[in-house]
Amino acid sequence: MIKYLMSVVALLMLAVPAHAIRVDMDSEADERAAIRQGGTMHFTDTLDTAKEIRQFEEALVIAPKAFVCQSCKQEPGVVTFISLRMNPTIDNVIETPIVQSDPSLERKFRRIGRITHIFFGACDLKVSYSYLPNGHISVAYDISRIRFFVFR
């Protein structure tokens, strides 16, 4: 989860277009205006390898401690982070056992951190997940209230 979650958040905060992203808009304003005014970006993924599933389940346990946010609410199938701050979160995630045990994952987070560090970004993040009958995990990320230069 950590690999996908932080990658998705970092890329979406930088407004990198992706085919799986949908912006829910209440008006006819363009997508960028909707994002600035509080639109929600939605990204979905299916975790289908044993390694991805193991990392996701481990991340569910450590995310509330590793992620720097105003509040975290964990319910069955849903985790919500309010005012998730990217810079300290990425720093904390790099220090977790999941990332430290996977050198390629650590390099990826260090690259993401170098890219996003100058923006001091924050957002609200809702992660919804469900276990599929075949053992895979379906995950949906909803990212809203994207803000830059959040120092506290």
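Residues numbered from 1 in each chain as written. Predicted model: local features only at pLDDT ≥ 70, side-chain atom pairs only at ≥ 80, totals over all residues. Heavy atoms only, no water.

### Points about a nonpolar patch on the surface
No. 1: A cluster of nonpolar side chains, namely F148, F149 and F151, defines an oily patch on the protein surface of about 340 Å² accessible area.
No. 2: By the secondary structure assignment, F149 is in the segment after strand 6 (137-147). (Patch = residues over 30% accessible without salt bridge, like charges linked within 9 Å, V, L, I, M, F, W, Y side chains within 5 Å. Areas by Shrake-Rupley, 256 points an atom, 1.4 Å probe, with all protein chains shown as cover. Salt bridge = Lys/Arg side-chain N within 4 Å of Asp/Glu carboxyl O. Helix = DSSP H or I, 4+ residues; strand = E, 2+ residues; numbered from the N terminus.)

### Things to note about the side chain of T89
No. 1: Note that T89 resides in helix 4 (residues 86-94).
No. 2: Engagement of the side chain of T89 in a polar contact is seen with the backbone nitrogen of V68, the distance being 2.9 Å.
No. 3: At 2.5 Å, the side chain of T89 and the backbone oxygen of R85 are in polar contact. (Polar contact = N/O pair within 3.5 Å; in protein donor to acceptor, adjacent residues only side chain to side chain.)

### Things to note about a positive patch on the surface
No. 1: Among the surface-exposed residues, R107, K108, R111 and R114 lie close enough to one another that they form a single positively charged patch.
No. 2: Within the element layout of this structure, R111 appears in helix 6 (residues 103-116). (Lys, Arg positive; Asp, Glu negative; His and termini not counted. Charge placed at Lys NZ, Arg CZ, Asp CG, Glu CD.)

### Re the state of the cysteines
No. 1: Tallying each qualifying case throughout the model produces 0 disulfides.
No. 2: Here C72 stays unpaired: no disulfide links it, and the sulfur of C69, its closest cysteine neighbor, is 5.3 Å away.
No. 3: The exposure class of C72 is partly exposed, given its relative accessible area of 32%. (Disulfide = S-S within 2.5 Å. Buried < 20%, exposed > 50% of the residue type's maximum accessible area, 1.4 Å probe, protein only.)

### A closer look at the pattern of salt bridges
No. 1: Under the defined criterion, the tally for this structure stands at 5 salt bridges.
No. 2: Of the charged contacts, one joins E58 and R54 as a salt bridge, the two residues approaching to 3.0 Å between their closest N and O atoms. One end of the pair, E58, and the other, R54, are both in helix 3 (residues 50-66), 4 residues apart, so they sit about a helical turn from each other.
No. 3: In this structure E58 comes out as partly exposed when scored by relative accessible area, which is 31%.
No. 4: The residue R110 makes a salt bridge to E106 at a minimum N-O spacing of 3.0 Å. Of this pair, R110 and E106 both sit in helix 6, 4 residues apart, which is roughly one turn of that helix.
No. 5: Owing to a relative accessible area of 19%, E106 belongs among the buried residues under this scheme.

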